[in-house]
Structure formats: C-alpha cells, structure tokens
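Single-letter residue listing:
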Amino acid sequence: MNLSFRKATINDCSRIRELASRIWEPTYGSILSKEQLSYMFEMMYSVEHIERQMTESGHHYFIVYTDDNPAGYISIEKKPDDTFIFQKIYVLPELHGKGLGRYLIEQGIAYIKTIHPSPFTMELYVNRENPAIGFYEHIGMRKIATRDHDIGNGFYMNDYIMAMRVE
C-alpha cells in the first residue's frame, strides 16, 4: 500500500465531506444517538463550514491517500501560543489498524515543524467513549482534562483533552 499526504484546498471540501460521510457513523454510531450524529455531521461537515474553517478559522486540512485513493484526513488548528490542536483525525473504517492514523499524525507533526520549528504542544479532543483513546496513549499522548462542550440543540461533545509535547 503506497501512502501519500497532501494539503487540502477549498477544492477538496466535497472530498472531505464524502470521506466523513463514510467514516462518521461507523466511528460514532455506538457512542452517540442518531439524532446527535446527524446534527453534528451537518454542522461540522457542510462544504461551506469546511471552507470557512480553511479560509477564516486557520484550519489546515490534509488528506491521506492509499494507492492514490482518498483514505482519511486530518485538520490542524494553530492556537495563539505554541499549541496546535489536531481537530480531526479520521481514517476509513476498513483501513483501521493499518498504520494510517499514525501516518496522519506523523505527517501532521512534520508539517507543523516546517511552520513552527521550535517545540510545541499537540492537543486533541477525543470522545470519552472512543476506542481510539488507547491508540493515542500508545503514541505518547496523555489525558490532561475533560470538557463537556455545548454544541447546541441540547447536544454536548464529552471529550478528553489529550496532549503531547513535541520537541
């Protein structure tokens, strides 16, 4: 399997939405209600919302390809200090366990080092019921806090905030 990683542009917003449509329910279907899944997907993955994140909110999206086929994506947001939040790290369910998540994170860190050569903190928010927590701990991240983020419509994102210092 040949892997490649490239920065997404606004021309990729539909591709990111399509990937998310294949990833979202298998990832969260046993954790969140169908109503919350639908609400969050439409809120977070409209083409317009992704485009606004790229053009107005400073999110950098990247897509991973396996043999030239889109297989997952990552979104990185720079905070005012030396912190970068990995907002989204997703891989198609049929490719879990094949090293793509690690590859996305490694490539994301390599990208950050090109724009921020000094040490930084990498953070991510992960649902407290998400089985990926073990993977994140395995690569060196640790839980530093919890958050219950009101996303509207009576729904919350109940997350761990995980972090890792990168030298």
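What counts, and at which threshold
Residues numbered from 1 in each chain as written. Predicted model: local features only at pLDDT ≥ 70, side-chain atom pairs only at ≥ 80, totals over all residues. Heavy atoms only, no water. Pairing = 2+ DSSP bridges. Helix = DSSP H or I, 4+ residues; strand = E, 2+ residues; numbered from the N terminus. Axes fitted to C-alpha atoms, helices over the stretch in contact; angles between N-to-C directions. Contact = heavy atoms within 4.5 Å. Phe/Tyr/Trp six-rings, centres within 6.5 Å; stacked < 30°, edge-to-face > 60°. Buried < 20%, exposed > 50% of the residue type's maximum accessible area, 1.4 Å probe, protein only. Arc of directions from axis to C-beta. Polar contact = N/O pair within 3.5 Å; in protein donor to acceptor, adjacent residues only side chain to side chain.

Trainee: So, the sheet that holds strand β6 (residues 142-152): which residues are in play, and what are the values?
Mentor: The strands making up a sheet associate through backbone hydrogen bonding, with each pair oriented either parallel or antiparallel. Taken in spatial order, the seven strands of this open sheet run β1-β2-β3-β4-β5-β7-β6, and their pairing is mixed. Every other strand in the sheet has two partners, leaving β1 (3-7) and β6 as the edge strands with one partner each. Strand-to-strand, the axes of this sheet are offset by a mean angle of 30 degrees, without reference to chain direction. Pairing geometry for β6 and strand β7 (residues 155-166), over nine bridges, is antiparallel. Bridge pairing links Arg142 to Ala163 in β7. Along the sheet face, helix α3 (residues 47-55) touches β2 (59-66) and β4 (83-91) and points at about 115 degrees away from the line of β2.

Trainee: I'd like to hear about the packing of aromatic side chains, residue by residue, with values.
Mentor: Counted according to the given criterion, the structure contains 14 aromatic pairs. Summarising the aromatic geometry, the rings of Trp24 and Phe41 are spaced 6.4 Å apart at their centres and angled 55 degrees between planes, so their arrangement reads as tilted. With Trp24 in helix α1 (residues 13-28) and Phe41 in helix α2 (residues 34-44), this pair connects stretches of sequence that are 17 residues apart. Trp24 sits in the buried class, given a relative accessible area of 5%. Exposure remark for Phe41: the relative accessible area of 11% places this residue in the buried category. A ring pair is formed by Tyr39 and Phe155, whose centres lie 5.4 Å apart and whose planes are at 45 degrees; its orientation type is tilted. Note that Tyr39 is positioned in helix α2 and Phe155 in strand β7, a separation of 116 residues in sequence. By relative accessible area, Tyr39 is classed as partly exposed at 25%. Counting every residue linked through ring pairs, the aromatic cluster contains Trp24, Tyr28, Phe41, Tyr45, Tyr73 and Tyr90.

Trainee: Please set out α3 residue by residue, giving values where relevant.
Mentor: Because an α-helix completes one turn every 3.6 residues, residues spaced three or four positions apart along the sequence face the same direction. Buried within α3 we find Ile50, Gln53 and Met54. Across the axial projection of α3, the buried residues extend over an arc of 95 degrees, all falling on one side. Turned more than 90 degrees away from the buried face of α3 sit Glu48 and Thr55, all of them exposed.

Trainee: Provide a residue-level description of unusual backbone geometry, including the pertinent values.
Mentor: Excluding glycine, a negative phi dihedral is what most residues carry, and trans is how most peptide bonds are arranged. The phi torsion at Asp67 lies on the positive side, around 50 degrees, for a residue other than glycine. Tracing the backbone shows Asp67 in the loop between β2 and β3 (69-78). A relative accessible area of 42% places Asp67 in the partly exposed class. Even without glycine at this site, Asp68 takes up a positive phi of about 70 degrees. Examined against the element boundaries, Asp68 turns out to sit in the loop between β2 and β3. Taking the relative accessible area as the measure of exposure, Asp68 reaches 66% and is therefore exposed.

Trainee: Give me the pairing of β7: which residues, what numbers.
Mentor: Across the twelve residues that make up β7, a large majority, nine, are buried. Two strands pair when backbone bridges link them, and strand β5 (residues 120-127) and β7 are joined in this way by eight bridges, in the antiparallel orientation. By the bridge assignment, Met122 is partnered in β7 with Met164.

Trainee: Mind laying out the side chain of His116, listing which residues take part and the relevant values?
Mentor: Inspection of the secondary structure puts His116 in the loop between α4 (100-115) and β5. Judged by relative accessible area, His116 falls into the buried class, the value being 15%. Reaching out from His116, the side chain makes a polar contact with the backbone oxygen of Pro119 at a distance of 3.5 Å. With residues up to four places along the chain from it excluded, the contact list for His116 reads Lys78, Asp82 and Phe84.

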